[in-house]
Amino acid sequence: MSQQSGSAPAPGDRVPGSPGVPGTPAAAGAMLGTKGFETRQIHVGDISAEDPFGARIPPIYASNAFRFDSLEHARRRFANEEEGQLYSRHLNPTTQVAERRIASLEGGSEAIVVASGQAAVSSVLLTLAEAGDHIVSAPSIYSGTQIQFNRALRRTGIEVEYVSDPHDPQQYRALIRPQTKALFVETIPNPKNDVVDIAAVGEIAREHGLPLVVDNTIATPVFVRPLEHGAHIVVHSASKYLAGHGAVIAGAIVDGGTFDWAGASRRYPLVTDRPGPDSPSHLERVGARRAFAAAARFTSVNDFGPAVSSFNAFLLQQGMETLSLRMERHAANAAAIARWLTGRAEVESVDYAALPGNPNHGIAQRYFDGHSGAVFSFTLKGGRPAAEAFFDSLQLISKMTNIGDVRSMALHPATTTHGGFTEEHRQRLGIGQGLIRLSIGIETLDDLLADLDQALGKATAATS
């Protein structure tokens, strides 16, 4: 969990010096670098002191481009000899507030906010890999990411291969080949809550000189900061918990600043190669701490254009101000509901790693302080008919896709998010016809239990 305000910062709560981040005042970076998590989620990146009217909240800069002082000023910006505003496709002052904040909370050197979580994942992998290259992934990852890997990336010539058991280090090692450019995992996958041993995969990445990319959407930096456990790059669907209110589509990329790009056993040309004889590489220009972020921002993000709107960036930084408070309530509600479901005769199984007896309980204890987020699944006895009666009977809990909202939501993955997968693929992932995914919100617990109770009653009536 995050440290409480006023307590001594834990090592993971310290953020590397911010002055290197574009536009960050050195004094502010030094002052906030050692503050607590809750303080930083409110104050990091704040530019209100620069506002001529004294506005306390950073404004929305609804401008697609920014003026130059002179021809020479414009030349320096376009040549990347000087950092600063140029065009909002890759840099906007409102977006920078959110970027600095996310980088601080994850303990990274720099962050990039883009238009969606899908854009974050694709921008990272298209910066690392090209046609003929190879990625090794854990098998249980967000269905949209799997579709992106299997369809969109494959069309670019990048192959993604999946281990069958994410807890077997030898399987990762067996799939790594000379063309492999990264390992990819999620901290808490959905819908099965089958949490990953980040440090074990990080050690494999270290052995082979590969960057480890970790999707931390469901855990958030409140529960775990993957960069502390061997990850090199973190991605988020910021549409979920970081923003928190179901009003935003956004994604985030965090550069951990720890990968040795110059000494890597494989080539990462967008990071290390010079674009021209008189132009430095991104590694030469900004140094190893920010080399990947610079490369991603000025190549994949700039070239494909997944820019987030300044309005969405504003809503995102507003949402992060209450992140730790919301996550505590999300997790408390989820744990109570998971325990309650295990005692119900209508329920065959509950996939929540924090429950004693779950095969991933030890990992949840080690990384998440006994929590395992607020997105999990359970399987009803009676299969599809029971699941349909249950789902259709929900009243308070919203019947919808999405996770990480303050509102509780339910979905039937076998006919929605995983409906395009083969039956064999779904069975391999443990997605049966009786499985329901829950994303638990911050409503009053008794009201959520009452809704679940009446819906379970309808499921029983429909199958008896």
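Computed from a predicted structure; not experimentally measured.

The five strands are arranged S8-S9-S12-S11-S10 in an open sheet whose pairing can be described as mixed. Among the strands making up the open sheet, the edge pair consists of strand S8 (347-351) and strand S10 (398-399). In this sheet, strand S12 (residues 435-439) lies alongside strand S11 (residues 409-411) in antiparallel orientation, the contact comprising three bridges. Across the sheet, the residue bridging to Met 409 is Ser 439, located in S12. Against the sheet, helix H16 (residues 383-393) touches strand S9 (375-380), S10, S11 and S12, its axis set at about 125 degrees to S9.

The geometry of H16 relative to helix H18 (residues 445-463) is characterised by a closest axis approach of 8 Å and an angle of 140 degrees between their N-to-C directions. Considered as vectors, H16 and H18 are oriented oblique to each other. Handedness of the crossing formed by H16 with H18: right-handed. Here Pro 385, Ala 386, Ala 389, Phe 390 and Ser 393 of H16 come into contact with H18, specifically with Asp 451, Leu 452, Gln 454, Ala 455, Leu 456, Lys 458, Ala 459, Ala 462 and Thr 463.

Turning our eyes to something else, we now look at the confidence of the model for the chain. Mean pLDDT over the chain stands at 90; residues scoring 70 or higher make up 93%. Note that pLDDT drops below 50 for residues 1-30; the model gives that stretch 64 contacts with residues more than four away or on any other chain.

This brings us to the sheet that holds strand S2 (residues 134-137). Ordered in space as S1-S7-S6-S5-S4-S2-S3, the seven strands form an open sheet in which the pairing is mixed. The sheet is open, and its two borders are formed by strand S1 (110-114) and strand S3 (159-162), each paired with just one other strand. Ignoring which end each strand starts from, the neighbouring axes of this sheet average 20 degrees apart. Two elements, strand S4 (residues 180-186) and strand S5 (residues 212-215), share four bridges in a ladder whose sense is parallel. Within the sheet, the bridge partner assigned to Glu 186 lies in S5 and is Asp 215. In the packing of helix H6 (residues 143-155) onto the sheet, contacts are made with S2, S3 and S4, and the angle to S3 comes to roughly 145 degrees. Of the strands in this sheet, S4 and S5 are in contact with helix H8 (residues 198-208), which crosses S5 at around 155 degrees.

Among the secondary structure elements, Ser 324 is positioned in helix H14 (residues 323-342). The exposure class assigned to Ser 324 is buried, which follows from its relative accessible area of 1%. Here the side chain of Ser 324 touches Gln 41 through a polar contact of 3.0 Å, side chain to side chain.

For soluble globular proteins, nonpolar side chains are generally found buried alongside one another. Membership of the largest hydrophobic core comes to 118 residues, with the highest contact counts inside it found for Leu 128, Leu 316, Phe 376, Phe 378, Phe 390 and Leu 438. Among the elements that line this core, the one with the most residues is H14, at eight residues.

So, on to the packing of aromatic side chains. Inspection of every chain in the model, using the stated rule, returns nine aromatic pairs. Ring centres of Phe 378 and Phe 390 lie 5.5 Å apart, and the angle between their planes is 85 degrees; this geometry places the pair in the edge-to-face category. Taken as a pair, Phe 378 in strand S9 and Phe 390 in helix H16 lie far apart in primary sequence, twelve residues in all. Given the relative accessible area of 0%, Phe 378 is considered buried. Residue Phe 390 is classed as buried on the basis of its relative accessible area of 0%.

Here is what the cut-offs are and how they apply
Residues numbered from 1 in each chain as written. Predicted model: local features only at pLDDT ≥ 70, side-chain atom pairs only at ≥ 80, totals over all residues. Heavy atoms only, no water. Pairing = 2+ DSSP bridges. Helix = DSSP H or I, 4+ residues; strand = E, 2+ residues; numbered from the N terminus. Contact = heavy atoms within 4.5 Å. Axes fitted to C-alpha atoms, helices over the stretch in contact; angles between N-to-C directions. Parallel < 35°, antiparallel > 145°, perpendicular 65-115°, else oblique. Left-handed = near helix turned anticlockwise from the far one by under 90°. pLDDT = per-residue confidence, 0-100. Buried < 20%, exposed > 50% of the residue type's maximum accessible area, 1.4 Å probe, protein only. Polar contact = N/O pair within 3.5 Å; in protein donor to acceptor, adjacent residues only side chain to side chain. Core = buried A, V, L, I, M, F, W, Y, C linked by side-chain atoms within 4.5 Å. Phe/Tyr/Trp six-rings, centres within 6.5 Å; stacked < 30°, edge-to-face > 60°.

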